[in-house]
Amino acid sequence: MPAPSDTIIDQADVSQKLLADAIRFLSMDAVQEANAGHPGMPLGMADVATVLYGKFLKFDPNWPSWPDRDRFVLSAGHGSMLLYAVNHLTGYEKITMAEIKRFRQVGSLTAGHPEVDVEAGIETTTGPLGQGLGNAVGMALAERILNARFGNDLVDHHTYAIAGDGCMMEGISHEACSLAGHLGLSRLIVLYDDNGISIDGPTSLAFSDNTAERFLSYGWDVQKIDGHDPQAIERAIAQAQTTDTPSLICCKTTIGFGAPTKAGTAGAHGSPLGPDEIAGTREALEWPHPPFEVPDQILAAWREVGRRGQPASAAWRARHEGASDREAFDQAISGDIRVGAVEAAEAAKRAFLDEPPKIASRVASGKVLDQLVPAIPSLIGGSADLTPSNNTKVKNFDDISASQFGGRYIRYGVREHGMAAAMNGLALHGGIVPYGATFLTFTDYCRPSIRLSALMHQRVVYVMTHDSIGLGEDGPTHQPIEHLASLRAMPNVQVLRPADAVETAECWELALTKTDGPSILALTRQGLPPLRTRANDGNRSAFGAYVLCEADGEAAVTVLATGSEVALAVEARDLLQGDGIGTRVVSMPCWELFETQDADYRDKVLGPGTAKVAVEAGVQHGWDRYIGPEGRFVGMTGYGASGKGPDLYAHFGITAQAVADAAKELV
């Protein structure tokens, strides 16, 4: 273990205390100026942050996106001013003093909770407690996967996270940290701000866990230290870097450190300290400088900290220039997989057209993955203990494990929320395009992370199978009803529900070529008949909706459907055409993409002047925009039931005859 140095960080002979106090006073002054925020955590963890950045963190503010930088995640995102203060002090160009003064203002880079901006030194969006821990697990896993692929010369870094009591209370911390221990993510070091205070008051009101013992049970290395003792902090981090397990450093701190009456109380947590308390803190900590003023000598010392990583980044550049696999590495980091995704999806599509299969879309998805995974080395999959049901594991590719990070598949266990947060971390890290799977109804367990995927514009593919009452006997607990509507309601989420194998291949292509947000593939358990049998008609799903079947004669009815119900719509068309009623069928695999088409295209697809019926084995919510006030909807109005899939469709009246009858009511 490296021997700890003294408390002098740099050659300017500025003490660690003064460096930490610069964080404290920028934080409390910014919160006071905004008249909103959380000053207590930055005051309490300033000593830890100073040692971490001053002694250990591998970073270069002049090259914020350096691929081999250490990742730092502020899981306790309410303490965002700690991060902004450090990033300003160390010299990130984007975090100016003007931005510090604009804390929590509209349009500022210094939002109330950190919002991902790598150029500003912000690795991920945090605030919903525990999410950052999940992201950090994903980042640490990404480092190991890429290290196995490219070696130490190009990938050799740590992931650090600061987490608080709230992060530890959140259930996601169990899922994510249990997974990290199982995988032996030794490059993950979590600094736990153990201050014993939450918004309501002492954490003892609601929290009596033995956190250290809990993490030991996960297989982590655990240390307990005084979070205000720089030498103890340094020794602990140095030791954590030598372990072959993830590390938790429990830092006993005082929230609002230095505040004369509010230190150690809930009063320092989520409100400005107030002018009198700030004046008292200045006196107690012997900081006579006015708000937002950092003395030149202290700022110079911090800027020296910011330059500390330059030799390492320069050495990495040299190794990168001479690396035999530089091109493959750069390709992975760029995230540009369009060519491979399009070619592999097209290959799968051709196979489906050559021999049109009647298979579930989850099975079709597995066949598409058989083409995609070998073609795209950065595509890393997984499932929350539903691999045989989700069809997400490609043959002849190894699992990722504590002893084998060169695999391509992650066994997440029954940890849906942890899986989703880790996938965000994998995507944020760079070099990896993650997909992960469970049942569509369990998007409820993933929802906070899906929302953050969208908010952060991260390409994460959620493979959600068993997408309706068609799953059958597992019953209403497992049958999604409101889920499609609720997921479509989330901004920047691309919900894809393919109608057959060909559309499934097209939807995979769309998911992987969308680089600014997540996609959800809603896939069936039950078999689907082939509907698209004509070759060389392009990716029709890319339009979001298209006319699958034109009317014979003048169109009187347009039937709109998604997924498994498109086949019902085609059957209903046959019934209506048999009665002399010209009927069109529109497949709508992705509403979000349809909304991006021009008005003329949308109008033509929806069939102006025709009666409209929509059919989907979910709730009506959202369909009215397409069918209008006079249209009819055939679908679910309540929860499902246990029984065979076909029997349930008949029981709930989602049949071709019901669609035809609804259309006849309109014409």
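Preceding block: the structure.
Calculation rules
- Residues numbered from 1 in each chain as written.
- Predicted model: local features only at pLDDT ≥ 70, side-chain atom pairs only at ≥ 80, totals over all residues.
- Heavy atoms only, no water.
- Helix = DSSP H or I, 4+ residues; strand = E, 2+ residues; numbered from the N terminus.
- Rg over C-alpha atoms; globule rule 2.2 N^0.38 Å.
- Buried < 20%, exposed > 50% of the residue type's maximum accessible area, 1.4 Å probe, protein only.
- Contact = heavy atoms within 4.5 Å.
- Areas by Shrake-Rupley, 256 points an atom, 1.4 Å probe, with all protein chains shown as cover.
- Lys, Arg positive; Asp, Glu negative; His and termini not counted.
- Charge placed at Lys NZ, Arg CZ, Asp CG, Glu CD.
- Polar contact = N/O pair within 3.5 Å; in protein donor to acceptor, adjacent residues only side chain to side chain.

A. Structural detail: the overall build of the chain. The helix and strand tally for the chain stands at 26 helices and 21 strands. Rg of the C-alpha trace for the chain: 28 Å, near the compact-globule value of 26 Å for 667 residues, within the 12% margin. If you line up the chain on its principal axes, its C-alpha atoms span 90 × 55 × 45 Å. Residues classed as buried in the chain amount to 63% of the 667 residues present. Long-range contacts, defined as pairs at least 24 residues apart, comprise 77% of the intrachain contacts of the chain with a sequence gap of at least 6. Per element, the accessible surface of the chain, about 24,200 Å² overall, is 49% carbon and sulfur. Here the chain contributes 55 positively and 82 negatively charged side chains, and the mean placements of these two sets differ by 3 Å.

B. Spatial organisation of the side chain of Ser173. Assignment of secondary structure puts Ser173 in helix α7 (residues 171–183). A distance of 3.2 Å separates a polar atom in the side chain of Ser173 from the backbone oxygen of Met168. Of the polar contacts made by the side chain of Ser173, one reaches the backbone oxygen of Glu170; its length is 2.8 Å. For Ser173, the contacting residues outside a window of four places in its chain are Leu133, Cys167, Met168, Ser178 and Arg214.

C. Region of interest: unusual backbone geometry. Residues other than glycine seldom take positive phi values, yet Asn35 does so here, at roughly 60°. Along the chain, Asn35 falls in the loop between α1 (16–34) and α2 (40–56). Given the relative accessible area of 58%, Asn35 is considered exposed.

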